[in-house]
Amino acid sequence: MTSPPSGKTPDHARLDRVVADARRAREQREGGYRERALKIYPWICGRCAREFDRATVVQLTVHHRDHNHDNNPPDGSNWELLCVYCHDNEHQRQLEQAQGVAAGPVDKSAGAAAAAATHKPFADLAALLKRGK
Ligand SMILES: [Zn+2]
Ligand SMILES: [Zn+2]
């Protein structure tokens, strides 16, 4: 008869720590791209053209054009600076579009064409070629 190692609770504490670490890592990553985007782009909302300065820049957010927060190319091509209001609108619109697509009959060809237009099939190839050299 073998008894298990004492205590059942450590797993819980460990899970909490893992979650906290993941959140911190995510915040760091997001903070990183925000700073870079603010360095690359003028502090102007891409929708309403409102201008920002050091005091108001907290209201300027980084939008990901393809909505993939892990897609952060160093040239900033996936970023767009939007004020919090326009950013909200942008995502609201996407949400409604997504719901509309899910609910109604889908024009598959249009969706595929749009996806193909934003997805660059040769971007990876170019990187591979560069790396191989
Ligand atoms: Zn705006
Ligand atoms: Zn966004």
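Before reading further, recall that the structure is shown in the block above.
Owing to the predicted nature of the structure, the values given are computational and were not obtained by experimental measurement.

S.K.: Would you explain unusual backbone geometry in this entry?
M.R.: Residues other than glycine predominantly adopt negative phi, and peptide bonds predominantly adopt the trans conformation. At A49, a position not held by glycine, the phi torsion is positive, near 65°. On the secondary structure map, A49 appears in the loop between helix 1 (10-40) and strand 1 (60-64). Backbone geometry at H67 places phi at a positive 65°, although glycine is not the residue there. By secondary structure assignment, the location of H67 is in the loop between strand 1 and strand 2 (79-83).

S.K.: In this structure, what is going on with the coordination of the zinc ion (ligand 2)? I would like to understand it.
M.R.: Six octahedral donors around a metal ideally subtend angles of 90 or 180 degrees, whereas four tetrahedral donors ideally subtend 109.5 degrees. For the zinc ion (ligand 2), the full set of protein donor atoms is H63 (ND1), H87 (NE2) and H91 (NE2), and the range of their distances to it is 2.0 to 2.1 Å. A relative accessible area of 2% means that H63 is categorised as buried. Classification of H91 by relative accessible area gives partly exposed; the value is 30%.

Conventions we followed
- Residues numbered from 1 in each chain as written.
- Chains lettered and ligands numbered in written order.
- Predicted model: local features only at pLDDT ≥ 70, side-chain atom pairs only at ≥ 80, totals over all residues.
- Heavy atoms only, no water.
- Helix = DSSP H or I, 4+ residues; strand = E, 2+ residues; numbered from the N terminus.
- Donors = N, O, S within 2.8 Å, 3.2 Å for Na, K, Ca; no water.
- Buried < 20%, exposed > 50% of the residue type's maximum accessible area, 1.4 Å probe, protein only.

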